[in-house]
Amino acid sequence: MDYAVLDPRTGETVATFPVATDEEIAQAVAAAAEAHRSWGRTTPAERASVVRRVGELHLERADELARIIEREMGKPHEEGVGEVEYAASIFEYYADNAEAFLADEPIEVTSGEGTALIRRASVGTVLGIMPWNFPYYQVARFAAPNLVTGNTVLLKHAPQCPESAAAIAQMFRDAGAPEGVYVNIYASNEQVETIIAAPSVRGVSLTGSERAGEAVASIAGRHLKKVVLELGGSDPFIVLSTDDVGATAEAAVAARMENTGQACNAAKRIIVLDALYDDFVQAFQEKLLAAGPAAPLSSPRAAANLAEQVDRAVAQGAQLAATGERNGAFFPAGVLTDVRPDNEVYHQELFGPVAQVYRVADEAEAIELANDTPYGLGSYVFTTDPEQALRVADALDTGMVFINGVGAEGPELPFGGTKRSGFGRELGRLGMDEFVNKKLIRTVG
């Protein structure tokens, strides 16, 4: 496995980075363990000041950081700046709330005299294994809560993101983080197993593929380490009623096309009530195909994999409306209709600018179809009936439901899923409780 910057816009290898030696990995693990001895005993306010400065450095270097991921994974510059700014807001959020989130939690004692409380404390070093599709945001939502908690971080980024990984580590150094508090490692898959096995490493958080999640969870289970997994998604976008078909179709396009369709929580299956179907699909298809993808997928291999899925879906009976042909990493926007349950793509995730559209007779069928997937990350419900919105939200087997809106995420809102989309939560108050020792302190008399 090589760490290399392969610009998907040109196919050119821009830079390569050597995989760490086993000795370097051992030194990184030892440095993080040593740093925890003092970092975990600092005050939340002291840790928050470093984390806050990291967020400020993101903003100060936004243009430079965006250019890095433009060549690493093809993200348009303006979108890259937006991602950097969102990452900065996450660091700021946890810096603002560190003391409140880590405050002692009194327990009303009903089993005798005295008092009791829960005191939250760090657990040690945690390993983060991050993906390429949001190189700064994914790191922020993992690292920020763990660092203000007092944990130290080992960060293994995606092999195609070595420059952004190095840039993040540099910001921690420039923010005054003590040596070993945040350590970037260019580790191999085999070295990851060694890291997880280390006694000082108390947990691992992975955002990535199902296969990677299965492998990491298996290793962590053997070593009795806690895991947080954020894996794939095939999120439904359910349209039950609308006062403006065009606006709802535009929202669906935005939900499908974020990051050129390369988002785990993108709307991938558009489910439309029969009475709205024809008008909606016409508007949706026109808007999605016109939107194009202006940017490439992350690599030519990613585009080739998506092409195989789409070609197989068409061979198995689906209808495809598309804007053109694949060219290297550039993939044409497309809409698949007439997808039957026996078509392989029915239960697959499409990671790119291709949507599946389904017609349903009523609310019950929409819910059944939405839940008929191995995934359970996010979902979208559009309806003019508030009671129906909550009823459907309750019935969806997902970790998140967004009603009548897209792009409504925020640092304060927990992110995560169920089923094969993983388990655990990041962001919000819940993101602080994953890798923390909730210690009971009971005083009698």
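No experiment lies behind these values; they were computed from the predicted model shown.

Engineer: Which residues make up the pattern of salt bridges, and what values go with them?
Structural biologist: Under the definition given, this model contains 27 salt bridges. Among the ionic pairs, Glu349 bridges to Lys268, the shortest N-O distance being 3.1 Å. Remark: Lys268 occurs in strand S11 (residues 267-273) and Glu349 occurs in the loop between strand S13 (334-337) and strand S14 (354-360); sequence separation between them is 81 residues. Summarising the burial analysis for this pair, Glu349 and Lys268 share the class buried.

Engineer: Outline the sheet that holds strand S8 (residues 201-207), listing residues and values.
Structural biologist: A sheet is described by the order of its strands in space; here 6 strands give the open sequence S7-S6-S5-S8-S9-S19, paired in mixed fashion. At either end of the open sheet lies a strand with only one pairing partner, and these are strand S7 (182-184) and strand S19 (422-423). Two elements, strand S9 (residues 226-230) and S19, share 2 bridges in a ladder whose sense is antiparallel. Across the sheet, residue Leu229 finds its bridge partner in S19, namely Phe423. Lying over the sheet, helix H1 (residues 22-39) contacts strand S5 (125-129), strand S6 (152-156), S7 and S8, oriented at roughly 155° with respect to S6.

Engineer: Outline the sheet that holds S11, supporting the account with residue identities and numerical values.
Structural biologist: If you trace the 7 strands from one edge of the open sheet to the other, you get S12-S13-S14-S11-S10-S16-S17, paired in mixed fashion. Both edges of this open sheet fall to strand S12 (319-322) and strand S17 (402-403), since each of them pairs with a single strand only. Sheet topology places strand S10 (residues 235-239) next to S11; 5 bridges connect them, and they run parallel. Opposite Pro236, over in S11, you have Arg269 as the bridge partner. Packed on one face of the sheet, helix H12 (residues 363-371) meets S10, S11 and S14 and runs near 165° to S11.

Engineer: Let's hear about the packing of aromatic side chains: which residues, and what values?
Structural biologist: Going through the model one piece at a time under the given rule, you end up with 14 aromatic pairs. With 5.9 Å between their ring centres and 85° between their planes, Trp132 and Phe351 make a pair best called edge-to-face. One end of the pair, Trp132, is in the loop between S5 and helix H5 (137-149); the other, Phe351, is in the loop between S13 and S14, and 219 residues separate them in sequence. Relative to Tyr182, the ring of Phe172 lies with its centre 4.1 Å away and its plane at 10°, an arrangement referred to as stacked. Taken together, the positions of Phe172 in helix H6 (residues 162-174) and Tyr182 in strand S7 put the pair 10 residues apart, joining distant regions of the chain. By relative accessible area, which is 2% here, Phe172 ends up buried. Chaining the aromatic ring pairs together yields one cluster made of Phe237, Tyr380, Phe382 and Phe402. The ring of Phe415 carries the charged tip of Arg141 above its face, separated from the ring centre by 4.3 Å. Cation over ring: Lys226 sits above Phe435, and NZ or CZ is 5.9 Å from the ring centre.

Engineer: Kindly report on the packing of H12 against helix H13 (residues 386-395), identifying the contributing residues and their values.
Structural biologist: Viewed as axis vectors pointing N to C, H12 and H13 meet at an angle of 35°, and their least axial separation amounts to 10 Å. Here H12 and H13 pass one another in a crossing that is right-handed. In this structure, H12 contributes Glu363, Ile367 and Asn371 to the contact, and H13 contributes Gln388, Arg391, Val392 and Ala395. Partitioned by chemical class, the residues of the contact of H12 with H13 number 3 nonpolar, 2 polar and 2 charged.

Engineer: Before we move on, could you go through a negative patch on the surface and cite the residues and values that matter?
Structural biologist: On the surface, Asp362, Glu365, Glu368 and Asp372 cluster together into a patch of negative charge. Along the polypeptide, Glu368 turns up in helix H12. Residue Glu368 is classed as exposed on the basis of its relative accessible area of 59%.

Engineer: Any chance you could break down the environment of Leu65 for me, citing the residues and the numbers?
Structural biologist: The residue Leu65 is located in helix H3 (residues 62-73) in this model. The spatial distance from the C-alpha of Leu65 to the C-alpha of Arg256 is 25 Å, given a sequence separation of 191 residues. Residue contacts for Leu65: discarding those within four places in its chain leaves His58, Val84, Tyr136, Ala167 and Met171.

Engineer: Can you explain the packing of H3 against helix H4 (residues 77-101)? Please cite residues and give values.
Structural biologist: Relative orientation of the contacting elements H3 and H4 amounts to 120°, with a least axis distance of 8 Å. Comparing their axes, H4 and H3 come out oblique. In this structure, H3 meets H4 at a crossing whose hand is right-handed. The residues of H4 that touch H3, namely those facing Ala62, Asp63, Leu65, Ala66, Arg67, Ile69 and Glu70, are His77, Gly80, Val81, Glu83 and Val84. Here the residues of the contact of H3 with H4 sort into 6 nonpolar, 2 polar and 4 charged.

Engineer: Before we move on, can you summarise the nonpolar core with the specific residues and values?
Structural biologist: Taken as a class, soluble globular proteins show a tendency for nonpolar side chains to be buried jointly. Among the nonpolar cores identified, the biggest contains 86 residues, and Tyr94, Leu147, Tyr182, Phe237, Ile270 and Phe284 are the most heavily contacted of them. The leading source of residues in this core is H4, at 10 residues. Among all residues touching Phe237, those that are not within four sequence positions of it are Thr248, Ala251, Ala252, Ala255, Ala267, Arg269, Ile270, Ile271, Tyr380, Phe382 and Val406. Ile238, Ala313, Val345 and Ala366 belong to the second largest nonpolar core, which has 28 residues in total.

Parameters and conventions
Residues numbered from 1 in each chain as written. Predicted model: local features only at pLDDT ≥ 70, side-chain atom pairs only at ≥ 80, totals over all residues. Heavy atoms only, no water. Salt bridge = Lys/Arg side-chain N within 4 Å of Asp/Glu carboxyl O. Helix = DSSP H or I, 4+ residues; strand = E, 2+ residues; numbered from the N terminus. Buried < 20%, exposed > 50% of the residue type's maximum accessible area, 1.4 Å probe, protein only. Pairing = 2+ DSSP bridges. Contact = heavy atoms within 4.5 Å. Axes fitted to C-alpha atoms, helices over the stretch in contact; angles between N-to-C directions. Phe/Tyr/Trp six-rings, centres within 6.5 Å; stacked < 30°, edge-to-face > 60°. Lys NZ or Arg CZ within 6 Å of the ring centre and 35° of its normal. Left-handed = near helix turned anticlockwise from the far one by under 90°. Nonpolar A, V, L, I, M, F, W, Y, C, P; charged D, E, K, R; others polar. Patch = residues over 30% accessible without salt bridge, like charges linked within 9 Å, V, L, I, M, F, W, Y side chains within 5 Å. Areas by Shrake-Rupley, 256 points an atom, 1.4 Å probe, with all protein chains shown as cover. Lys, Arg positive; Asp, Glu negative; His and termini not counted. Charge placed at Lys NZ, Arg CZ, Asp CG, Glu CD. Parallel < 35°, antiparallel > 145°, perpendicular 65-115°, else oblique. Core = buried A, V, L, I, M, F, W, Y, C linked by side-chain atoms within 4.5 Å.

By themselves, these observations are geometric and do not establish any function.
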